[in-house]
Amino acid sequence: MTRDEFAKLLSEFTLSAETGDGARFAAHFAEDATYHDYIYGPHTGRTDIAHMMQNLFHRDATDYRWQMFDPVFDGCMGYAWSLSSFTSTIPQFSGKRVVIDGMSRFIVRDGLISEYRESVNGGVAMAQLGVAPERMAKVFLRWAGWLEERPETRDYLARPKGSRAKSGN
């Protein structure tokens, strides 16, 4: 896959997400792929990924838009910056518009996404929704726990300052 083909995949991927059609969205993923969502957590396999997009995200949001910019791709791994926006349908935040930026990492195998991870500032989204500071603090602590529990984080923290992981890790 070339950089241009990767950019096309990203365009189709985000347009599929905008439709709320879970099967269409999941078709961009390998059968055993994992989508790591910063709100809904990890989802593995096309069925679970389709469920997350159609029955969780689009249950909680409407007017969804998502666009990727500045894609880079090395033939296996790609990154892109994105902007996304939605209007909340969650009762206590109903009608509130949110716009966030983020970074996405894609592992691609045979033209399909085998792993997706994103990094966004969820605090910005929660502030736009008007989430109470106490609730935000609980969410941030949960996210911090998830970060600290990841094998990559544990490996990183176990290495002495100045050391580096071997290339590819």
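Residues numbered from 1 in each chain as written. Predicted model: local features only at pLDDT ≥ 70, side-chain atom pairs only at ≥ 80, totals over all residues. Heavy atoms only, no water.

**Describing the nonpolar core**
Among the nonpolar cores identified, the biggest contains 39 residues, and Phe 13, Phe 25, Phe 29, Tyr 35, Trp 66, Phe 106 and Tyr 116 are the most heavily contacted of them. Setting aside anything within four residues of it in sequence, one finds Phe 106 in contact with Phe 6, Leu 10, Phe 13, Met 68, Cys 76, Met 77, Gly 78, Ile 113, Glu 115 and Tyr 116. (Core = buried A, V, L, I, M, F, W, Y, C linked by side-chain atoms within 4.5 Å. Buried < 20%, exposed > 50% of the residue type's maximum accessible area, 1.4 Å probe, protein only. Contact = heavy atoms within 4.5 Å.)

**What about the packing of helix α4 (residues 122–129) against helix α5 (residues 133–149)?**
At their nearest, the axes of α4 and α5 sit 11 Å apart, and the two run at 165 degrees to each other. Relative to α5, the element α4 is oriented roughly antiparallel. Read as a crossing pair, α4 and α5 show a hand that is right-handed. Seen from α4, the contacting residues are Gly 122, Gly 123, Met 126 and Ala 127; seen from α5, they are Met 136, Val 139, Phe 140 and Trp 143. Of the residues belonging to the contact of α4 with α5, the class tally is 6 nonpolar, 2 polar and no charged. (Axes fitted to C-alpha atoms, helices over the stretch in contact; angles between N-to-C directions. Helix = DSSP H or I, 4+ residues; strand = E, 2+ residues; numbered from the N terminus. Parallel < 35°, antiparallel > 145°, perpendicular 65-115°, else oblique. Left-handed = near helix turned anticlockwise from the far one by under 90°. Nonpolar A, V, L, I, M, F, W, Y, C, P; charged D, E, K, R; others polar.)

**Describing the side chain of Thr 34**
Topologically, Thr 34 is positioned in strand β1 (residues 29–37). For Thr 34, a relative accessible area of 15% translates into the label buried. Within polar-contact distance, the side chain of Thr 34 engages the side chain of Thr 44 at 2.9 Å. When sequence neighbours within four positions are dropped, the list of residues in contact with Thr 34 reads Pro 42, His 43, Thr 44, Ser 114, Glu 115 and Tyr 116. (Polar contact = N/O pair within 3.5 Å; in protein donor to acceptor, adjacent residues only side chain to side chain.)

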